[in-house]
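Close look at the chain arrangement
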Amino acid sequence: MTGWVADNAVARNIRYVLHVGDVVDRHADMGEWTEAQTAMNLLDGEVPYAMAVGNHDVDGFGVDANNRTATNFNLRFPRAKFACMPSFGGSQSPSTYDNTYHLFSAGGTDWMVLTLKWAPVAAELTWAAQLVAANPGRQVIIVTHDYLLGDGTRSAVGQQVWNAVAGVYPNVAMVLSGHRSVARRSSVGRNGNTVHEIMADYQNPSQRNPNGYLRVLEFDPRASTLSVRTYNPETGTSLTDPANQFTLSGISFPAGSAPSEPLVRQALVRASATSAHTENGAARALDGDCRTMWHNEFQPATPLPQSVTLDLQRVHDVRGLVYAPRNDHTQNGTVTAYTVATSLDGTSFQPAATGTWPDDRTLKRATWPVTEARYVRLTASAGHAGFAAAAELHVVYQPESLVAQALMKATATSANAEYPASLAVDGSPDTIWHTEWVRPAPLPQSITLDLGSSQQVRGLVYQPRLWAADNLSPNGIITRFQVQVSSDGVTFTTVATGSWADDRTTKGVRWATLPARYVRLQATAGRGGYASAAELDVVAGVAG
Ligand SMILES: [Ca+2]
Ligand SMILES: [Ca+2]
């Protein structure tokens, strides 16, 4: 389930993962916690996530209804792991991850996700109410375990949450819950705003189906809708009845004012350092865990400056770096003077930003004008006690503008009848173009995109076919390619040649901006001797 989310994160623009609680069935069974931890860890460095504590997750479950301490939940999902994430807002208790809030911007709207522990007590509800009131510019999604009953009315606990928070403030958009079964309602809050209350819980001890379902919530700001699908990545099946697949209209997407900070997924970045202590390699700054860090060698000490170089593995339009210092028993290594440089080739670096940061534990940022780069290098010229360390590093990018797929026509030199070229530009990562295999067409084969008119173009984004339960084949992942462009569809000029990793991650290539109406991707090598593509996009506009 979480593996599917990670695999689909870029292709589907998945911004957050929300767990409605009951991480385990038996809170005292550490084997269950280990399994849950292994599953959730697949999201580390991929997609940020928020988790609500369920009744099965607390120490008193089945024994003492008043004991709501969640010892093992906090042992396996400790606040300290998540505290330095850019979207982590804070928690009700400074020491637990029981009630948390998360801030991010998506689709032009500022959001707040608020997790409330199962059956929140008065102090927790007050904390939540104050937060919602203090953030009137944010649309709030409350995630709490017990809220609705199977008939769509609120449970006693749910009614308390409604009375204290969900029904009180005009900026509450929805309440997501689990605990029982499937139900939903839309209510009007005290201020006239619509609050969508949605429960989803798929549990059945005797059979895999209906277990293993997740909800995919797709927000469409242009249509003001929220589409909800229910999908099982293990079986590849969806539940399509109206209780499990529906579209809510009239969703409010007010324009946000918080600075948007799109981050390159850390899991796709590779890091190297000029110096690292054995236990503190550069990759520790990209693992989605605030407790681990890159640290320059200190046995024996290596003098500053030292640097970490991040390889984004493809060119992005980058404009910033977020630096999380260590947050443990010492501040040794907190970077206080820095330089950032960027590079297209990993050899020639241009300075992007230089400055100083306060010697404390807060998140730091460096920003610079948007520039094309595959490599971002942070050099620490001064640090606490003469060391350099980083708990986490994130690269901020500017989403590239893409040529509208709706205006494109795609043709290919070879295509299986059920996998035509048009499926590479239909906006769905689930559908693919694939070269013929009934009578295999040997590579090279190519797909040509007619943009409909001449455009300024500077790159191509290639989404290989994704993992799908009903089709595990990786055949056709393009591993060596050429890109050619043309103004008339007859004479083509090669603008890029290269290779891509033989995996399902989103790939790209850039070239110097030029006008073209036709863009052709020629596959010179591909998995199994085939070529396929789930989606192709053309990067429009001028670099920078
Ligand atoms: Ca780390
Ligand atoms: Ca497609």
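Residues numbered from 1 in each chain as written. Chains lettered and ligands numbered in written order. Predicted model: local features only at pLDDT ≥ 70, side-chain atom pairs only at ≥ 80, totals over all residues. Heavy atoms only, no water.

Topic: the overall build of the protein
Looking only at helices and strands, the protein has six helices and 29 strands in total. For the protein, whose C-alpha radius of gyration is 25 Å, the value lies close to the compact-globule estimate of 24 Å for 544 residues. Once the C-alpha set of the protein is aligned to its principal axes, its extents read approximately 75 × 60 × 45 Å. Here the protein, with 544 residues, has 53% of them falling under the buried criterion. Long-range contacts, defined as pairs at least 24 residues apart, comprise 69% of the intrachain contacts of the protein with a sequence gap of at least 6. Accessible area of the protein: about 22,600 Å², with a carbon and sulfur share of 51%. The protein carries 41 positive and 47 negative side-chain charges, and their two centres are separated by 3 Å. (Helix = DSSP H or I, 4+ residues; strand = E, 2+ residues; numbered from the N terminus. Rg over C-alpha atoms; globule rule 2.2 N^0.38 Å. Buried < 20%, exposed > 50% of the residue type's maximum accessible area, 1.4 Å probe, protein only. Contact = heavy atoms within 4.5 Å. Areas by Shrake-Rupley, 256 points an atom, 1.4 Å probe, with all protein chains shown as cover. Lys, Arg positive; Asp, Glu negative; His and termini not counted. Charge placed at Lys NZ, Arg CZ, Asp CG, Glu CD.)

Section: the coordination of the calcium ion (ligand 2)
Taken together, Leu 423 (O), Asp 426 (OD), Ser 428 (O), Thr 431 (O), Thr 431 (OG1), Ala 534 (O) and Glu 535 (OE) make up the full set of protein donors to the calcium ion (ligand 2), lying 2.2 to 2.5 Å away. Look at where the donors of the calcium ion (ligand 2) fall in the sequence and you get L-x2-D-x1-S-x2-T-x102-A-E. Residue Leu 423 is located in the loop between strand E22 (409-412) and strand E23 (433-434), and its partner Ala 534 is located in the loop between strand E28 (532-533) and strand E29 (535-540); the two are separated by 111 residues in the primary sequence. The partly exposed category is assigned to Leu 423, whose relative accessible area is 21%. (Donors = N, O, S within 2.8 Å, 3.2 Å for Na, K, Ca; no water.)

A look at the coordination of the calcium ion (ligand 1)
Coordination of the calcium ion (ligand 1) by the protein is provided by Arg 284 (O), Asp 287 (OD), Asp 289 (O), Thr 292 (O), Thr 292 (OG1), Ala 391 (O) and Glu 392 (OE), with metal-donor distances spanning 2.3 to 2.6 Å. Written as a sequence motif, the donor residues of the calcium ion (ligand 1) are R-x2-D-x1-D-x2-T-x98-A-E. Linking Thr 292 in the loop between strand E14 (270-273) and strand E15 (294-295) with Glu 392 in strand E21 (residues 392-397), this pair joins segments that are 100 residues apart in sequence. For the pair Thr 292 and Glu 392, one class covers both residues: buried.

A few points about unusual backbone geometry
Following Gln 299, the chain continues into Pro 300 via a peptide bond in cis, with omega recorded as 0°. By the secondary structure assignment, Pro 300 is in the loop between E15 and strand E16 (306-324). Omega for the peptide link from Leu 304 to Pro 305 comes to 5°, which places this bond in the cis form. One non-glycine residue, His 179, lies in positive phi territory at about 85°. Summarising the element assignment, His 179 is placed in the loop between strand E7 (172-177) and strand E8 (183-188). Even without being a glycine, Gln 313 presents a positive backbone phi close to 70°. Structurally, the position occupied by Gln 313 is in strand E16.

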